[in-house]
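Letter by letter, the chains look like this.
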Amino acid sequence: VVTRALALALPGQTVLVATDLNQPMLDRASAVGTGRPVEFRQADAQQLPFEDGAFDVVVCQFGVMFFPSKHLAFAEARRVLAPGGVLLFSSWDRLEENEFAEVVNAALGDHFPEDPPAFMARIPHGYHRPDVMAQDLGRAGFQKGPAIETLTSRSRAASPEIPAIALCQGTPLRGEIEARGEGSLARATRACADAIARRYGSGTVDGKMQAFVVTIEA
């Protein structure tokens, strides 16, 4: 999504390289298309296959939460940035500021009281402290402090089932649910849809979402 947006927004002579750890994700992005040429490369953010100073900007949309070592990934971003280049990334705020995710997390806790899936709290919404982000960037060798902007928006869907399916079946949360037995995915998705409906109604649903956008110069 962010690659398509950049392809539209940036001048035509700008060279765009899009990476992901997962090759099928890149295959899907390439099949969808970007409107103009983009180089797709499989890469580990903690070990980028690029020369020092190769880029003017490194952008990461809602990916930093998945890096096992944040400061190592940031150090790699800094390495491949030219002097004065910019790292820009986004990260979700805590669960309590992202309503559909919060409702789904609570519903799964009720549905699996003995062993609730913790993916939403652990990963997507587990990297939400600006002081920790600044500390990790400092450990990575960035000398200047980051600019951290809080952005609030709304997530809207035509029915409660849509966010329930998106979160339960369209994210790695799915694997944690399926590990809890045959039929668990369908039952858990239904429980989450019902929980969203109880809070927002059975028609169109509208929930708050909030994230940070972090910018720092190399």
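Our structure's up above, just so we're on the same page.
Since the model is a prediction, treat every value here as computed from it, not as a measurement.

Engineer: For this particular structure, what's the right way to read helix H3 (residues 70–80)?
Structural biologist: Every α-helical turn comprises 3.6 residues, leaving residues that sit three or four positions apart pointing alike. Along H3, the residues classified as buried are Lys-70, His-71, Ala-73, Phe-74, Glu-76, Ala-77 and Val-80. Next to the buried residues of H3 lie strand E3 (55–61), strand E4 (81–92) and helix H6 (130–139).

Engineer: Looking at this model, I keep getting lost on the environment of Gly-141. Mind explaining?
Structural biologist: Mapped onto the elements of the fold, Gly-141 is located in the loop between H6 and strand E5 (147–157). For Gly-141, a relative accessible area of 16% gives the class buried. Separated by 49 residues in the primary sequence, Gly-141 and Trp-92 place their C-alpha atoms 23 Å from one another.

Engineer: What am I meant to see in the pairing of strand E6 (residues 205–217) here?
Structural biologist: One face of the sheet, then the other: side chains in a regular strand alternate in exactly this way. Relative to E6, E4 runs antiparallel, the two being bridged by seven bridges. Paired with Phe-89 across the bridge in E6 is Val-214. The pairing of E5 with E6 spans 11 bridges and is classified as antiparallel. Paired with Ile-148 across the bridge in E6 is Val-214.

Engineer: Sorry, what's going on with the side chain of Ser-184 here?
Structural biologist: Position of Ser-184 relative to the elements: it lies in helix H9 (residues 184–200). For Ser-184, a relative accessible area of 2% translates into the label buried. Engagement of the side chain of Ser-184 in a polar contact is seen with the backbone oxygen of Gly-181, the distance being 2.6 Å.

Engineer: Would you mind showing me how to read the pairing of E4 here?
Structural biologist: The pairing of E3 with E4 spans six bridges and is classified as parallel. Its bridge partner being in E4, Cys-60 is matched across the sheet by Phe-89. With H3 bridging E3 and the parallel E4, this β-α-β connection has right-handed handedness.

Engineer: Would you mind going over the layout of surface pockets with me for this structure?
Structural biologist: The probe, sized like a water molecule, is rolled over the atoms to show the empty space still left. Its boundaries defined by the atoms lining it, the second largest pocket holds a volume of some 210 Å³. Residue lining of the second largest pocket: 17 residues in total, with Phe-62, Ser-90, Leu-151, Ala-211 and Val-213 positioned closest to the centre. The set of elements that each furnish at least two residues to the lining of the second largest pocket consists of E3, E4, E5 and E6. Among the elements that take part in the lining of the second largest pocket, E6 stands out by supplying five residues, more than any other. By residue class, the composition of the lining of the second largest pocket is 12 nonpolar, five polar and no charged.

Engineer: Any chance you could explain the sheet that holds E6 here in plain terms?
Structural biologist: What links the strands of a sheet is backbone hydrogen bonding, and the strands pair in either a parallel or an antiparallel sense. The four strands are arranged E3-E4-E6-E5 in an open sheet whose pairing can be described as mixed. Among the strands making up the open sheet, the edge pair consists of E3 and E5. Across the sheet, the axes of successive neighbouring strands diverge by a mean angle of 15 degrees, strand direction being ignored.

Reading the values: the criteria
- Residues numbered from 1 in each chain as written.
- Predicted model: local features only at pLDDT ≥ 70, side-chain atom pairs only at ≥ 80, totals over all residues.
- Heavy atoms only, no water.
- Buried < 20%, exposed > 50% of the residue type's maximum accessible area, 1.4 Å probe, protein only.
- Helix = DSSP H or I, 4+ residues; strand = E, 2+ residues; numbered from the N terminus.
- Contact = heavy atoms within 4.5 Å.
- Pairing = 2+ DSSP bridges.
- Polar contact = N/O pair within 3.5 Å; in protein donor to acceptor, adjacent residues only side chain to side chain.
- Right-handed = clockwise from strand over helix to strand, strands pointing away.
- 1 Å grid on protein atoms, 1.4 Å probe; cavity = no way out; pocket = protein on both sides within 12 Å on 5 of 7 lines; lining within 4 Å.
- Points joined across faces, edges and corners; volume = space filled by probe spheres on them.
- Nonpolar A, V, L, I, M, F, W, Y, C, P; charged D, E, K, R; others polar.
- Axes fitted to C-alpha atoms, helices over the stretch in contact; angles between N-to-C directions.

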